[in-house]
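What the coordinates show
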Amino acid sequence: MKKIQISPSILSADFSQLGNEIKRLEDAGADMIHVDVMDGHFVPNLTIGPPVIKALKKQSSMIFDVHLMISPVHKYIDAYSDAGADIITIHPEATDDLSSSISKIKQLNKKVGVSLNPETKVDVIREHLNEIELVLIMSVNPGFGGQKFMPEVLVKIKELKEIQKTQNLNFDIEIDGGINFDNSKEAIEAGANILVSGTTIFKSNNGDIKKNIELLKSK
Ligand code: DX5
Ligand code: ZN
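The rules we used
- Residues numbered from 1 in each chain as written.
- Chains lettered and ligands numbered in written order.
- Predicted model: local features only at pLDDT ≥ 70, side-chain atom pairs only at ≥ 80, totals over all residues.
- Heavy atoms only, no water.
- Core = buried A, V, L, I, M, F, W, Y, C linked by side-chain atoms within 4.5 Å.
- Buried < 20%, exposed > 50% of the residue type's maximum accessible area, 1.4 Å probe, protein only.
- Helix = DSSP H or I, 4+ residues; strand = E, 2+ residues; numbered from the N terminus.
- Contact = heavy atoms within 4.5 Å.
- Expected span 1.5 Å × (residues − 1).
- Arc of directions from axis to C-beta.

1. Focus on the nonpolar core
One finds I10 and I175 to be the most contacted residues of the largest nonpolar core, which totals 62 residues. With 4 residues, the single largest contributor to this core is helix 6 (residues 154–167). Here I10 is in contact with F15, L18, I22, L25, I33, H34, V35, I48, L56 and F202, once residues within four sequence places are set aside. By size, the runner-up hydrophobic cluster in this structure holds 8 residues, among which are I87, M138, V140 and V196.

What follows is the structure in structure tokens.
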């Protein structure tokens, strides 16, 4: 079994202190940093773009797990790669040609992730799974932090675990949205090995992020 990793979403961090917040996450034992990029078009919210990621990456050696909720995504892959993204995750609905967007990310020597919205079926990416290195299962509709976890998406994780077994594949399974100390166990049991969390990490236990990271990892 893969080691359980935590990818805190800086969407819930203090945006006036982002550099310090990332340092704080690193000191607290975060395995990577989840950066939610939203365009006000693919999702109804707007967040940060390449210049901010570039500035943050200069200050940190952490893995930047960049979740692109932008459409059309293909033409922006270069910019996020140049800015310092280590993992680039895209949504199949945001590109005309998933195969060429996956190839593009791989050509740039970045880890390629594909994300499934709660409504999106595993079938949409089935034929690409031998090229994908990470599947990000959305357990809320993307766009905002602090939403309620949707347990019905866990069956897709089980489906992906079956495919991994039968096809001998080894991609990471990450889950994103509404993760808390109760449902983290369910998600891990279903087969997720990377948990994204914003609200729980930054707001629970008076913002004791070290404790919150440990609690999310413990089964
Ligand atoms: C939602 C984002 C998530 C979200 C996680 O569109 O992709 O990363 O911010 O935040 P919480 O843990 O608050 O649901
Ligand atoms: Zn995300």
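2. Some words on helix 6
Taking 1.5 Å of rise per residue, the 14 residues of helix 6 would be expected to cover 20 Å, and the 20 Å separating its terminal C-alpha atoms lies within 8% of that figure. When helix 6 is considered as a whole, its buried residues turn out to be L154, K156, I157, L160, I163 and Q164. For helix 6, the buried positions fall inside an angular range of 165° around the axis, keeping them on one side. Among the exposed residues of helix 6, those oriented more than 90 degrees off its buried face are K158, K165 and T166. Tucked inside the fold, the buried residues of helix 6 contact strand 5 (111–116), helix 5 (123–126), strand 6 (134–138), strand 7 (172–176) and helix 7 (183–190).

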